[in-house]
Amino acid sequence: MIATDSRATAPAPYAWLRPTALTASMLLFGYGILRLLDGLDGHRDKSAWPWLAGHTLFLLGIVLFAVLMVELRGLLLATSPRQRGFTDVATVAGLVGAAAFGWVILGDLFPRFAEAVSPPDVVLIGGPALFQLGLLTLLVRAVVVRLLPAWGPVLVLVGFLAIGVELDLLPVGAALVFAGLFPLARPAR
């Protein structure tokens, strides 16, 4: 006779949803702090450790936001499969935006990469817009299926707007994104 049920010991699906969201936000916050430290003397030094470490945190944060979008997509489809096309389009938009961000960040970290494959203007402008639009759409869908309160996407949007207005507001924007994503939860079983 088997004493344990394998369903009880299996890892919960989407258990990494909230930790991924919060870690991505904290990495963005760390990038903002290092960016401020790098600019204390009035200019930014692309070869200094705050620049390099900050951009590395930014890259890791964007990768985790991409993981969050994929994980959120799966959870949304499991919770509400009727909106599959809409959810898939939002996920693809967000992931294309994340890839564009990655391209730009890699160019900042590795100047030879930037020289070899310089991103076109559409990537520089459209990438962040697609990233934000895709993520925000998935978050609004999360509100609809009660994985997130209605104020969550609003805080994330305000955080993105703050960053868009002034890059020196990155720590404030990242804190708002963190607060907006903090209540993100998987559905109760």
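It should be emphasised that the depicted structure is a prediction, and the values quoted were computed from it without experimental measurement.

Engineer: Give a detailed account of the confidence of the model for the protein, specifying residues and quantitative values.
Structural biologist: For the protein, per-residue confidence averages 89 on the pLDDT scale, and residues scoring 70 or more make up 91% of the total. When mean pLDDT is taken per element in the protein, helix α8 (residues 170-181) scores highest with 97 and helix α1 (residues 6-9) scores lowest with 48.

Engineer: Could you give an account of the nonpolar core, with specific residues and numbers?
Structural biologist: Within the largest apolar cluster, 37 residues are counted, with the highest numbers of intra-cluster contacts made by F65 and F131. Elements with a minimum of two residues in this core: α2 (17-38), α3 (49-79), α4 (84-109), α6 (121-144), α7 (151-165) and α8. Examining the composition of this core, we find that 10 residues originate from one element, α3, more than from any other. Setting aside residues up to four positions removed in sequence, F65 forms contacts with A24, S25, L28, F131, L135, V177 and L181.

Engineer: Residue-level account of the layout of surface pockets, with values.
Structural biologist: If you add up the space inside the largest pocket, you get close to 600 Å³. For the lining of the largest pocket, the elements supplying multiple residues, two or more each, are α2, α3, α4, α6 and α7. A per-element tally of the lining of the largest pocket places α3 first, with six residues. Class assignment of the residues belonging to the lining of the largest pocket gives a composition of 21 nonpolar, four polar and three charged.

Engineer: Describe the pattern of salt bridges, naming the residues involved and giving the relevant values.
Structural biologist: Counted under the stated rule, the structure contains four salt bridges. D88 is the partner of R73 in a salt bridge, and the nearest nitrogen-oxygen pair spans 2.6 Å. With a gap of 15 residues between them, R73 in helix α3 and D88 in helix α4 connect regions that are remote in the sequence. Judged by its relative accessible area of 24%, R73 falls in the partly exposed class. Given a relative accessible area of 22%, D88 falls into the partly exposed group. Linked by salt bridges that have partners in common, R35, R44 and D168 make up one network.

Quick notes on the rules
Residues numbered from 1 in each chain as written. Predicted model: local features only at pLDDT ≥ 70, side-chain atom pairs only at ≥ 80, totals over all residues. Heavy atoms only, no water. pLDDT = per-residue confidence, 0-100. Helix = DSSP H or I, 4+ residues; strand = E, 2+ residues; numbered from the N terminus. Core = buried A, V, L, I, M, F, W, Y, C linked by side-chain atoms within 4.5 Å. Buried < 20%, exposed > 50% of the residue type's maximum accessible area, 1.4 Å probe, protein only. Contact = heavy atoms within 4.5 Å. 1 Å grid on protein atoms, 1.4 Å probe; cavity = no way out; pocket = protein on both sides within 12 Å on 5 of 7 lines; lining within 4 Å. Points joined across faces, edges and corners; volume = space filled by probe spheres on them. Nonpolar A, V, L, I, M, F, W, Y, C, P; charged D, E, K, R; others polar. Salt bridge = Lys/Arg side-chain N within 4 Å of Asp/Glu carboxyl O.

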